[in-house]
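# A structural walkthrough
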Amino acid sequence: MKSYDIPLYPGNSLTIILYQNVSNTDEIMSKLLKGELEYSIINCKAIFDHRQLLFAATKVLSIQHSSKLSTHNVHSELIYLLSPTTNMKDSIKKFGLQADDKQFYIAIFNSTSEKLNDIKSLVKGDQVEEQYNEQSKTIENTSYFSRDTAIENYSLKEYKDIAQCDDSKLKSYIFNSMSMKGLLK
Amino acid sequence: MSDLVKMEGITDLTKIGAELISQGAEAKTFKLNYFGMECIIKERFVKTYRHPTLDSKISNKRILQEIRSLNKCKKNGIDVPGLLFVDIVQTRIMMEFVNGITVKQFLYNNCENNYQNTQTPEIIRICREIGQQVCKIHDLNLIHGDLTTSNILLRTSTNNSTVFIDFGLSYTSTLAEDKAVDLYVLERAFISTHPNSESLFNEILQSYKDSSKNSPSVINRLDQVRLRGRKKLAFG
């Protein structure tokens, strides 16, 4: 579990938790669909490190700041903004929780200890203690990252050298796709 | 739910440790370490002498044009800074920081005033690469609009490969005229910042010519543009 302050929008933070071996995804899913959960649950196959969530979170705040959110709340907006398309159903399907997921990220804006306890009692699984890297100031955990999923979810086939590019290039392409969301002709 | 987050945003980027690295007529550029990543933030400022509606329209149009061009280049394998975050309302673009120096600086460092006698293989290679890359950009029907030696960087980590920056004045066009004017702008910039460097520019033109089948018509146009200057239509 790690909390980050968002520098561009002071006073706000994002807490990220990684869970694995979760056994009650169905229960979480049903609560999620009823809209009872005040946090985002994110499919971790297309997430290479915490920065990806943090840039999306910055964008959530910037949209909240200057116009209106496209979805109901900041937490669903976070999932929506991870996706490069403006298709909402597709975004939730690709980046949100799926019924057969055993591992996922949970992201909470401005978390409180009550909320963290709620999560702890709801999710039956192991909370992963990820190693924070002081130098890169983030947590890079690629154990659940799948290159193929990322290429598909971010339609990276459009990039000419995607077949032979290295990881750092792939990440830069992902950021590129994320930031171009809704801004193409 | 909306009271969950605080709404105050940072307007003065230097307050969060951003360092102003350059200021042009259109925008300010800041360098910032954002979650461990070296970033460039390019922020267009409000011009008070323009009518507010017109100002926001122009800023909006240019920022969109810039990111679309960057995206197009990125997708087609031309090295440009990768986008990280775009805020249209605050006219802010966050981009990857490119570690390196400008071609202008590189030429100043390596050629002390005389560009004719000091043509090292490295300089020739860079000129050839510029020609090739500009040709690639033009083949995408993209006109950079402000090609100068200070808008081309040399990336240190990949042995001085060229990176194109500042697409703020770019636009799409298929006309040989526009591409020729783009080259003409580069030629003028080259000659005025680096006197007696004609041979280097010829190197660029040569590799431009060799890189695409569309080049000859552009080069022909360039000869006409040279005779009359870059404005085709003269007003009043």
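Residues numbered from 1 in each chain as written. Chains lettered and ligands numbered in written order. Predicted model: local features only at pLDDT ≥ 70, side-chain atom pairs only at ≥ 80, totals over all residues. Heavy atoms only, no water.

## Looking at the pairing of strand 4 (residues 83–87) of chain B
Residue and element names in this part refer to chain B.
- Burial of strand 4 is extensive: five of the five residues sit out of reach of the surface.
- Examined bridge by bridge, strand 4 and strand 5 (residues 92–96) share four bridges and lie antiparallel to one another. From the neighbouring strand, Asp87 faces strand 5, where its bridge partner is Arg92. (Buried < 20%, exposed > 50% of the residue type's maximum accessible area, 1.4 Å probe, protein only. Helix = DSSP H or I, 4+ residues; strand = E, 2+ residues; numbered from the N terminus. Pairing = 2+ DSSP bridges.)

## Quick notes on the side chain of Lys59 of chain A
- As for its position among the elements, Lys59 of chain A is in helix 2 (residues 50–66).
- Although Lys59 of chain A is buried, it forms no salt bridge, and the closest oppositely charged side chain is Asp87 of chain B at an N-O distance of 8.6 Å.
- Beyond its immediate stretch of four places on either side in the chain, Lys59 of chain A contacts Leu81, Met178, Ser179 and Lys181 of chain A together with Phe85 and Val86 of chain B. (Lys, Arg positive; Asp, Glu negative; His and termini not counted. Salt bridge = Lys/Arg side-chain N within 4 Å of Asp/Glu carboxyl O. Contact = heavy atoms within 4.5 Å.)

## What to know about the sheet that holds strand 9 (residues 161–164) of chain B
Residues and elements named next belong to chain B.
- Strand order in the open sheet formed by three strands is 6-8-9, and the pairing between neighbours is antiparallel. Edge positions in the open sheet fall to strand 6 (100–102) and strand 9, since each of these has one partner strand only. If you compare each strand with its neighbour and ignore which way they point, the axes differ by 35 degrees on average.
- Two elements, strand 6 and strand 8 (residues 152–155), share three bridges in a ladder whose sense is antiparallel. Looking at the pairing, Ile101 lines up with Leu154 of strand 8.
- Relative to the sheet, helix 2 (residues 103–111) contacts strand 6 and strand 8, its axis offset from that of strand 6 by approximately 85 degrees.
- Against the sheet, helix 3 (residues 121–139) engages strand 8 and strand 9, with an angle of about 40 degrees to strand 9. (Axes fitted to C-alpha atoms, helices over the stretch in contact; angles between N-to-C directions.)

## Some words on the sheet that holds strand 3 (residues 37–44) of chain B
- With antiparallel pairing, the five strands of this open sheet are ordered in space as 1-2-3-5-4 (chain B). Of all the strands in the sheet, the pair left with one neighbour each is strand 1 (19–23) and strand 4 of chain B. Direction aside, neighbouring strands of the sheet carry axes that sit 20 degrees apart on average.
- Judged from the four bridges that link them, strand 1 of chain B and strand 2 (residues 27–34) of chain B form a sheet pairing that is antiparallel. Residue Gln23 of chain B lies in a different strand from strand 2 of chain B, and its bridge partner there is Lys28 of chain B.
- Across the face of the sheet, helix 7 (residues 167–179) of chain A comes into contact with strand 3 and strand 4 of chain B while running at roughly 15 degrees to strand 4 of chain B.
- Against the sheet, helix 1 (residues 52–75) of chain B contacts strand 3, strand 4 and strand 5 of chain B, and its axis sits at roughly 20 degrees relative to strand 5 of chain B.

## Points about the pattern of salt bridges
- Evaluation of the coordinates by the stated rule reveals 24 salt bridges over all chains.
- Across the pair Glu38 of chain A and Lys115 of chain A runs a salt bridge whose closest N-O atoms are separated by 3.6 Å. One end of the pair, Glu38 of chain A, is in the loop between helix 1 (25–34) and strand 3 (40–43); the other, Lys115 of chain A, is in helix 5 (residues 113–122), and 77 residues separate them in sequence.
- Of the charged contacts in the structure, one is a salt bridge between Arg155 of chain B and Asp79 of chain B, with a shortest N-O distance of 2.9 Å. Residue Arg155 of chain B is found in strand 8, and its partner Asp79 of chain B is found in the loop between helix 1 and strand 4; the two are separated by 76 residues along the sequence.
- Residue Arg155 of chain B is classed as buried on the basis of its relative accessible area of 12%.
- Each of the salt bridges in this network shares a partner with another, and the network as a whole consists of Glu26, Lys42, Arg44, Lys47, Arg62, Glu66 and Asp166 of chain B.

## Some words on the environment of Glu134 of chain A
- Its location among the elements puts Glu134 of chain A in the loop between strand 5 (126–128) and helix 6 (147–153).
- Separated by 103 residues in the primary sequence, Glu134 of chain A and Lys31 of chain A have C-alpha atoms spaced 36 Å apart.

## Remarks on the nonpolar core
- Grouped together as the largest cluster of nonpolar side chains are 60 residues, with contacts concentrated most on Leu14, Ile42, Leu82, Leu156 and Ile174 of chain A together with Tyr34 and Met94 of chain B.
- Considering every element that reaches this core, the biggest residue donor is helix 2 of chain A, with eight residues.
- Ignoring anything within four residues of it in the chain, the contact list for Leu156 of chain A reads Ala150, Ile151, Ile162, Leu170, Tyr173, Ile174 and Ser177 of chain A.
- By size, the runner-up hydrophobic cluster in this structure holds 47 residues, among which are Ile67, Leu70, Val103 and Cys127 of chain B. (Core = buried A, V, L, I, M, F, W, Y, C linked by side-chain atoms within 4.5 Å.)

## A few points about the domain arrangement of chain B
Residues and elements named next belong to chain B.
- One can read the domain layout of chain B as domain 1 (2–96) and domain 2 (100–235).
- Here domain 1 and domain 2 have C-alpha centroids that lie 26 Å from each other.
- With 16 residues of domain 1 at the contact, the number on the domain 2 side is 18 residues.
- Around 1,300 Å² of area is buried between domain 1 and domain 2 when both sides are counted, 57% of it from carbon and sulfur atoms.
- Counting across the domain 1 and domain 2 interface gives six residue pairs in polar contact (both at pLDDT 80 or more).
- Among the elements of the structure, strand 3 and helix 1 are those that each provide at least two residues to the side of domain 1 that touches domain 2.
- The leading source of residues in the side of domain 1 that touches domain 2 is helix 1, at seven residues.
- Each residue belonging to the side of domain 1 that touches domain 2 can be placed in one class, and the counts come to five nonpolar, four polar and seven charged. (Domains from an automatic or database assignment. Buried area = accessible area lost by both parts, 1.4 Å probe. Polar contact = N/O pair within 3.5 Å; in protein donor to acceptor, adjacent residues only side chain to side chain. Nonpolar A, V, L, I, M, F, W, Y, C, P; charged D, E, K, R; others polar.)

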